[in-house]
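Spelled out, the chains give:
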Amino acid sequence: MIDLVKNYGIHARRIKKSVIRELLKLTNKPEMISFAGGLPDPTLFPREDIKDICTKIIDEFGNSAFQYSSTEGEPLLKAELIKLAEKDGLKITEDNILVTVSSQQGLDLIGKVFIDPSDPVIVELPSYIGGLQVFQGYGAHMHGIPTDDDGILVDVLEETLDQLKGTEEHYKFIYLVPDFQNPAGVTLSLERRKKIIELSRKYSILIIEDTPYRELRFEGQNPPSLMSLDDTNNVVMVHTFSKIFVPGFRLGWVIAHPDIIRKLALAKQSVDLCTPAFTQLIAYEFCRRGLLEKHIEKVKAVYHKKRDVMLKALEEYMPKIKGLSWTRPQGGLFLWLRVPEHINCDKLFYEAVEQNVAFVIGSAFHCDGHGQNTMRLNFSYPTHEEIDEGIKRLANVIKTKL
């Protein structure tokens with residue numbers, strides 16, 4: 001057999017395994033309580049509504065529901081997406097939307113279109129691992145900017161942009177998950193959002209606003225999206241139905257200036273030609289009936305209670321020591337746990353698995369290799385009883401390291 005390593009292209013050689021996917025293989029047993037995946041609660045999937053909608057779509061659209069679709073997306077679905085955008089203060093048309101196979105494909109297309117090898121790309125510390133994988137695969141040189149409970153530190157961001165301004169490789173974009181960030185669960189403050197928009201103008205840099213579940217807010221009010229604050233077309237917005245509807249349909253969409261959408265659509269043509277028409281039409285009908293808003297309200301109520309159960313368990317079971325803290329997300333699916341720096345969560349993970357509780361190691365979300373004293377915990381998937389027992393087990397594992 002030929003030497004495959006020598007024959008693989010540079011993009012294939014850069015691709016790394018998903019740490020989350022690899023770790024989840026170790027947690028696939030019935031007695032395991034897992035806080036690791038970013039899974040929605042499967043008991044909330046609207047099965048009966050989807051069953052009825054599938055029949056209607058087949059009867060109404062016939063064979064066209066099973067045919068190829070346009071690369072840009074089904075016009076009926078895009079009309080519903082425009083309505084969703086209007087609720088968020090955006091004024092867009094069909095030309096501003098590309099329907100994708102999940103938001104992950106949107107990120108990949110963005111990497112494909114914008115990144116040349118060694119291009120500087122700015123990300124948060126920590127940042128969504130799926131974005132980091134994409135940018136690394138296309139050869140980006142990632143610059144991590146620290147975050148706190150109000151999001152990315154804009155003073156450090158400005159210093160970094162100023163340093164990069166004179167370099168030979170042109171920085172391409174700032175990648176942000178501003179709402180209930182994955183993994184940390186924090187929300188970017190309004191003041192910092194405005195400052196970031198100013199910096200994008202000053203340094204002529206795109207902002208990739210990845211917002212997979214902005215709608216899932218339990219407390220307070222959503223600050224305006226970065227795109228709604230921008231009037232220079234410097235923001236590309238990435239959405240998905242995975243967390244607010246069902247992940248199995250693999251439906252997402254990108255909102256951007258028509259010139260960017262056209263280029264992303266060209267890149268998509270060489271990948272999969274189009275997003276499936278059938279799932280697009282199901283999502284269209286679900287939205288048209290007003291079911292999405294009702295479903296989101298139901299999901300929010302359930303996740304709010306689950307988050308509260310996790311916060312209560314953390315207060316009850318975790319040792320009261322310096323250096324141990326966690327975030328209090330106002331929405332979303334995750335919170336972020338920090339332990340004293342002498343505790344290595346990369347190693348702690350395997351000890352936790354032995355006690356039948358799992359999390360995702362925080363270092364996986366750091367482009368600079370740091371974060372070994374952090375972990376991401378998911379509260380959307382486990383039951384109340386599993387959350388309470390799982391946090392108790394995790395606390396006991398941490399106590400053995402003190």
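Residues numbered from 1 in each chain as written. Predicted model: local features only at pLDDT ≥ 70, side-chain atom pairs only at ≥ 80, totals over all residues. Heavy atoms only, no water.

Turning our attention to the overall build of the chain. Secondary structure assignment for the chain yields 15 helices and 14 strands. Computed over the C-alpha atoms, the radius of gyration of the chain is 21 Å, within 12% of the 21 Å expected from 2.2 N^0.38 for a compact globule of 402 residues. Dimensions of the chain along its principal axes, counting C-alpha atoms only, are 60 × 60 × 55 Å. Buried positions account for 55% of the 402 residues belonging to the chain. (Helix = DSSP H or I, 4+ residues; strand = E, 2+ residues; numbered from the N terminus. Rg over C-alpha atoms; globule rule 2.2 N^0.38 Å. Buried < 20%, exposed > 50% of the residue type's maximum accessible area, 1.4 Å probe, protein only.)

Turning to the sheet that holds strand β11 (residues 334–338), a few remarks are in order. Read from one edge to the other, the open sheet built from four strands follows the order β10-β11-β14-β13, with strand pairing classed as antiparallel. Across the chains shown, the open sheet's two edge strands, defined by having one partner strand only, are β10 (325–326) and β13 (360–361). Note: β11 against strand β14 (residues 374–378), five bridges, orientation antiparallel. In the sheet register, Trp 336 faces β14, and the bridge partner there is Arg 376. Strands β10, β11 and β14 of the sheet are contacted by helix α13 (residues 291–317), whose axis makes an angle of about 15 degrees with β11. (Pairing = 2+ DSSP bridges. Contact = heavy atoms within 4.5 Å. Axes fitted to C-alpha atoms, helices over the stretch in contact; angles between N-to-C directions.)

Core analysis: the largest hydrophobic core is formed by 101 residues, its most contacted members being Phe 241, Leu 337, Phe 359, Leu 377 and Ile 391. A total of eleven residues in this core trace back to one element, the largest contributor, which is α13. When neighbours within four sequence positions are excluded, Phe 359 is seen to be in contact with Phe 35, Ala 36, Cys 345, Leu 348, Phe 349, Ala 352, Met 375, Arg 376, Leu 377 and Leu 394. Leu 98, Val 123, Val 134 and Ala 140 belong to the second largest nonpolar core, which has 28 residues in total. (Core = buried A, V, L, I, M, F, W, Y, C linked by side-chain atoms within 4.5 Å.)

Another aspect to go through is the pairing of strand β6 (residues 173–176). Burial of β6 is two-sided: the residues Phe 173 and Tyr 175 facing one way and the residues Ile 174 and Leu 176 facing the other way are all buried. Where β6 meets strand β7 (residues 206–210), four bridges bridge the pair, whose relative direction is parallel. Of the residues in β7, the one forming a bridge with Leu 176 is Glu 209. Viewed along the sheet, the connection from β6 through helix α9 (residues 190–203) into β7 turns out right-handed. (Right-handed = clockwise from strand over helix to strand, strands pointing away.)

For helix α4 (residues 47–61), spanning 15 residues, the distance from its first C-alpha to its last is 21 Å, which sits close to the expected 21 Å at 1.5 Å a residue. Buried residues of α4: Ile 50, Ile 53, Ile 57 and Phe 61, and no others. All buried residues of α4 fall inside an arc of 60 degrees around its axis, so they share one side. Residues Glu 48, Lys 51 and Asp 59 are exposed on α4 and point more than 90 degrees away from its buried face. If you follow the buried residues of α4, they end up packed against α5 (75–87), α12 (277–288) and α13. Two residues or fewer past α4, Gly 62 is found with a positive phi of approximately 60 degrees. (Expected span 1.5 Å × (residues − 1). Arc of directions from axis to C-beta.)

What follows is about helix α11 (residues 258–269). Because each turn of an α-helix spans 3.6 residues, side chains separated by three or four positions in sequence point in the same direction. The end-to-end C-alpha distance of α11, which contains twelve residues, comes to 16 Å, matching closely the 16 Å that a straight helix rising 1.5 Å per residue would cover. Turning to α11, its buried residues number three or more, namely Ile 260, Ile 261, Leu 264, Ala 265, Ala 267 and Lys 268. In an axial view of α11, the angular spread of the buried residues amounts to 160 degrees, which keeps them on one side of the axis. Where α11 is buried, its residues meet β2 (97–100), α6 (102–114), β7, β8 (235–240) and β9 (252–255).

Another point: the pairing of β11. β11 sits mainly inside the fold: four of its five residues count as buried. As judged from the two bridges shared by β10 and β11, these two strands associate in the antiparallel manner. Bridged to Ser 325 within β11 is Arg 338.

This part covers the environment of Ala 358. Along the chain, Ala 358 falls in strand β12 (residues 357–358). Judged by its relative accessible area of 0%, Ala 358 falls in the buried class. The sequence separation of Ala 358 and Leu 377 amounts to 19 residues, and the corresponding C-alpha distance is 8.7 Å.

It is worth spelling out the packing of aromatic side chains at this point. Scanning the entire structure with this criterion turns up twelve aromatic pairs. Seen from their ring centres, Phe 241 and Phe 245 are 6.0 Å apart, and the 80 degrees between their planes marks the pair as edge-to-face. Here Phe 241 matches Phe 245 in class, with each residue buried. Between Trp 336 and Phe 365, the aromatic rings sit 5.9 Å apart at their centres with planes inclined by 80 degrees, giving edge-to-face as the arrangement. You can see Trp 336 sitting in strand β11 and its partner Phe 365 sitting in the loop between β13 and β14, a full 29 residues away along the chain. An identical accessibility class is assigned to Trp 336 and Phe 365; each is buried. Put simply, the rings of Phe 241, Phe 245, Phe 249, Trp 253 and Phe 286 touch in pairs and so form one group of aromatic residues. (Phe/Tyr/Trp six-rings, centres within 6.5 Å; stacked < 30°, edge-to-face > 60°.)

Across the interface, α6 lies against helix α7 (residues 129–137) with an axial gap of 9 Å and an inter-helix angle of 30 degrees. Classified by the interaxial angle, the pair formed by α6 and α7 is roughly parallel. α6 and α7 meet at a crossing whose hand is right-handed. In contact with Gln 104, Leu 107, Asp 108 and Gly 111 of α6, α7 contributes Gly 130, Gly 131 and Val 134. For the contact of α6 with α7, the per-class residue count stands at two nonpolar, four polar and one charged. (Parallel < 35°, antiparallel > 145°, perpendicular 65-115°, else oblique. Left-handed = near helix turned anticlockwise from the far one by under 90°. Nonpolar A, V, L, I, M, F, W, Y, C, P; charged D, E, K, R; others polar.)

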